[in-house]
Amino acid sequence: MLKIENLKVEIKNSTILDGISLSVRPHTITALIGKNASGKSTLLSCLTGERKYTGKITFCDKDLALMSQKERARLISLLPQHLPVPDITGTDLVKMGRTPYLDIGRRFTKEDELQVQKALEAADAKDLSLKKISEMSGGERQKIFLAMTLAQDTRLIAFDEPTSFMDIMHEKEFYRLLTDTVKKYKKTALVVMHDLTRAAEIADSIAVMDNGKIVAHSKTEEIVKSGIIEKLFNVTRYDFNGLTIYR
Amino acid sequence: MYICSKINFSKSTVILAGVAVTALLNAAISFVSYFDSDVLSVYRYFSVGGLSGITPEQLKTPALIIFTSVAIMLILSSKVDTLCLGDSLALSLGVNVKGLRLICLITASAAAGSVVSFAGLLGFVGLVVPHIARKLSGGNTFFLTVNSCLIGSSLVVLSDLFGRTLLSPTEIPVGIIMSFIGAPFLFYLLARRKNHA
């Protein structure tokens, strides 16, 4: 589905991504893990066209570099780490998710309204529709932004550390929603994660990044067994009741 | 705009580029007035700002530019809303961020330039009006634009009426009245900012 080949990004003569190659299988959750400044967020910004790169990124065999911004936005959506606080209601924000389908000659239709309602329901955010974003808690804001990306109705959703400002209860709830959405609506998720235990729990496959390179990418069980996470992050693995915990 | 396109279109870049261009043009005005002192009296009237002596006939060209600019802004208002989410999200939503920002800068500059070239430097309209309009319309760019147009034009016309009648038959330029309204409003904004901090 998503295929990245020999991706390179240089910023001010410093190499941020150094020949990344990665394939993401459809309808799965791929966790992207790595130390700080290993290039995870830069990789996501290449997918949305924010960052210039050399190499090739294809989505269903179509080169992203040859697509317009709008075409790209109909295939890939992004939920960034730092969420803004616009002075609008939840519904107004979720409606923005339909932007790639609207134009000067194509205004908001019933079909768009249906997608917005569906997204609010899928993200369990119906009760937030009339609430102002500025009055929402961190967890509620994350939910409503998730609803916005779902309203965008893309096949791939990229998340950049989506739960970094959440308490453990909201984090658990967010990943439950994410796994449910991937299964129910047949979405594909590429998630930058810092919580290694959570990555081992929810991801179908894990890609490990270090110094701008993918050093390992395989099914979650294989990555866990390989011991690369312990080696790279200097942590210990505990297996407890079928759950893998990194400390 | 050229400077911004070479660096970036962030708010601080636009403001700093504006300060630099203003300094350059002020130097040009000083240079011209050094050789021809008559220019100074015209410039003084221009810098205060006023609507006297302008006929409806003269307003055709600026009206065309202003109405076109407002129409473009209204058409693009939903896209401008997405810009408020930041560049990453706007790009992810399929918005051509650089292009949209350039169009916004051109239309805003054209509309402001048309007004200034006829009414002079009407101080504080651009500061007072968008704040009031934002209070009324929240984060919705469409309503913000409509409210700004209505409140801005009403405020200038009322200030002009006040200036013409207060010391009649002497006319106080509308720019002076606007400054009397705008300066306290600026103090109010600063006080509110201090309270928020």
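Our subject is the structure listed above.
Before going into details, it helps to say that this report is about the structure given with it. (Residues numbered from 1 in each chain as written. Chains lettered and ligands numbered in written order. Predicted model: local features only at pLDDT ≥ 70, side-chain atom pairs only at ≥ 80, totals over all residues. Heavy atoms only, no water.)

Attention shifts here to the overall build of chain A. Check the secondary structure of chain A and you find 9 helices and 12 strands. Against the globule reference of 18 Å for 247 residues, chain A gives a C-alpha radius of gyration of 18 Å, in line with a compact fold. Seen along its three principal axes, the alpha-carbon backbone of chain A occupies a region of about 50 × 45 × 30 Å. Expressed as a percentage of the 247 residues in chain A, the buried residues total 53%. Relative to all contacts within chain A whose residues are 6 or more apart in sequence, the contacts with residues 24 or more apart total 65%. For chain A, the accessible area works out to roughly 12,000 Å², and carbon and sulfur atoms hold 49% of it. When the 38 positive and 33 negative side-chain charges of chain A are each reduced to one mean point, those points stand 3 Å apart. (Helix = DSSP H or I, 4+ residues; strand = E, 2+ residues; numbered from the N terminus. Rg over C-alpha atoms; globule rule 2.2 N^0.38 Å. Buried < 20%, exposed > 50% of the residue type's maximum accessible area, 1.4 Å probe, protein only. Contact = heavy atoms within 4.5 Å. Areas by Shrake-Rupley, 256 points an atom, 1.4 Å probe, with all protein chains shown as cover. Lys, Arg positive; Asp, Glu negative; His and termini not counted. Charge placed at Lys NZ, Arg CZ, Asp CG, Glu CD.)

Residues and elements named next belong to chain A. For Asn36, the position within the fold is in the loop between β3 (29-34) and α1 (40-47). Placed 158 residues apart in sequence, Asn36 and His194 show a C-alpha to C-alpha distance of 9.0 Å. Among the polar contacts listed, one links the side chain of Asn36 to the side chain of His194, at a separation of 3.2 Å. (Polar contact = N/O pair within 3.5 Å; in protein donor to acceptor, adjacent residues only side chain to side chain.)

Contacts between chain A and chain B engage 24 residues on the former and 15 residues on the latter. Counting across the chain A and chain B interface gives 0 salt bridges. At the junction of chain A with chain B, the criterion picks out 5 residue pairs in polar contact (both at pLDDT 80 or more). At the level of elements, α2 (69-73), β6 (76-79), α3 (90-96) and α5 (138-151) of chain A are the ones that each hand at least two residues to the side of chain A that touches chain B. The residue makeup of the side of chain A that touches chain B, split by class, is 14 nonpolar, 6 polar and 4 charged. (Salt bridge = Lys/Arg side-chain N within 4 Å of Asp/Glu carboxyl O. Nonpolar A, V, L, I, M, F, W, Y, C, P; charged D, E, K, R; others polar.)

Residues and elements named next belong to chain A. The strand order β6-β7-β8-β3-β9-β10 describes an open sheet built from 6 strands, whose pairing is mixed. Two strands in the sheet have a free side with no partner beyond their single neighbour: β6 and β10 (213-219). Within this sheet the neighbouring strands show an average axis-to-axis angle of 15 degrees, counted without direction. Bridge count between β3 and strand β9 (residues 205-210): 5 bridges; the pairing is parallel. From the neighbouring strand, Ile33 faces β9, where its bridge partner is Val208. Where α1 meets the sheet, it contacts β3, β6, β7 (156-160), β8 (188-192) and β9, and its direction lies at approximately 145 degrees from that of β7. (Pairing = 2+ DSSP bridges. Axes fitted to C-alpha atoms, helices over the stretch in contact; angles between N-to-C directions.)

With that settled, the discussion passes to the packing of α5(A) against helix α6 (residues 168-185) of chain A. Residue and element names in this part refer to chain A. Orientation of α5 relative to α6, taken along the N-to-C sense of each, is 15 degrees, at an axis distance of 10 Å. Our classification of the angle between α5 and α6 gives roughly parallel. Regarding α5 and α6, the two cross each other, and that crossing is right-handed. Contacts between α5 and α6 involve Gly139, Gln142, Lys143, Leu146 and Leu150 on the former and, on the latter, His170, Glu173, Phe174, Leu177 and Thr181. In the contact of α5 with α6, the residues fall into 4 nonpolar, 4 polar and 2 charged. (Parallel < 35°, antiparallel > 145°, perpendicular 65-115°, else oblique. Left-handed = near helix turned anticlockwise from the far one by under 90°.)

Turning to the state of the cysteines, a few remarks are in order. Residues and elements named next belong to chain B. Summed over the entire model, instances satisfying the criterion amount to 0 disulfides over all chains. Cys84 takes part in no disulfide bond, and the closest cysteine sulfur to it belongs to Cys104, at a distance of 9.7 Å. On the basis of relative accessibility, which here comes to 47%, the residue Cys84 falls in the partly exposed class. In this model Cys149 remains outside any disulfide bridge; the closest cysteine sulfur is found in Cys104, 14 Å from its own. A relative accessible area of 32% places Cys149 in the partly exposed class. (Disulfide = S-S within 2.5 Å.)

This paragraph deals with the sheet that holds strand β1 (residues 2-11) of chain A. Paired through their backbone hydrogen bonds, the strands of a sheet run either parallel or antiparallel. All names here are of chain A. The strand order across the open sheet formed by 4 strands is β2-β1-β4-β5, and the pairing between neighbours is antiparallel. Two strands lie at the open edges of the sheet, namely β2 (14-24) and β5 (62-63), each paired on one side alone. Lying on the sheet, α1 is in contact with β1, β2 and β4 (54-59); it crosses β1 at an angle near 115 degrees.

Attention shifts here to the nonpolar core. Residue and element names in this part refer to chain A. If you look at the biggest cluster of nonpolar residues, it comprises 52 residues, and the most contacted ones within it are Ile144, Phe145, Phe159 and Leu178. Sorting elements by how many residues they give to this core places α5 first, with 7 residues. Those residues in contact with Ile144 that lie beyond four places of it in its chain are Gly90, Leu93, Val94, Leu120, Ala125, Leu128, Ile133 and Met136. (Core = buried A, V, L, I, M, F, W, Y, C linked by side-chain atoms within 4.5 Å.)

Further remarks concern the packing of aromatic side chains. In this description, an aromatic ring pair is defined by two values, namely the gap between the centres and the angle between the planes. Summed over the entire model, instances satisfying the criterion amount to 6 aromatic pairs over all chains. With a centroid separation of 5.6 Å and an interplanar angle of 90 degrees, the aromatic rings of Phe142(B) and Phe143(B) are classed as edge-to-face. Relative to Tyr188(B), the ring of Phe185(B) has its centre 5.8 Å away and its plane inclined at 45 degrees; by these criteria the two rings are tilted. Taken together, the residues span about one helical turn, with Phe185(B) and Tyr188(B) both in helix α10 (residues 174-196) at a distance of 3 residues. Under the relative-accessibility criterion, Phe185(B) is labelled buried at 18%. By the ring-pair criterion, three or more aromatic residues cluster together here, those being Phe159(A), Phe174(A) and Tyr175(A). It is Lys95(A) that lies over the ring of Phe108(A); its NZ or CZ is 5.4 Å from the centre. Directly above the aromatic system of Tyr101(A) lies the positively charged group of Arg98(A), at a separation of 4.2 Å from the ring centroid. (Phe/Tyr/Trp six-rings, centres within 6.5 Å; stacked < 30°, edge-to-face > 60°. Lys NZ or Arg CZ within 6 Å of the ring centre and 35° of its normal.)

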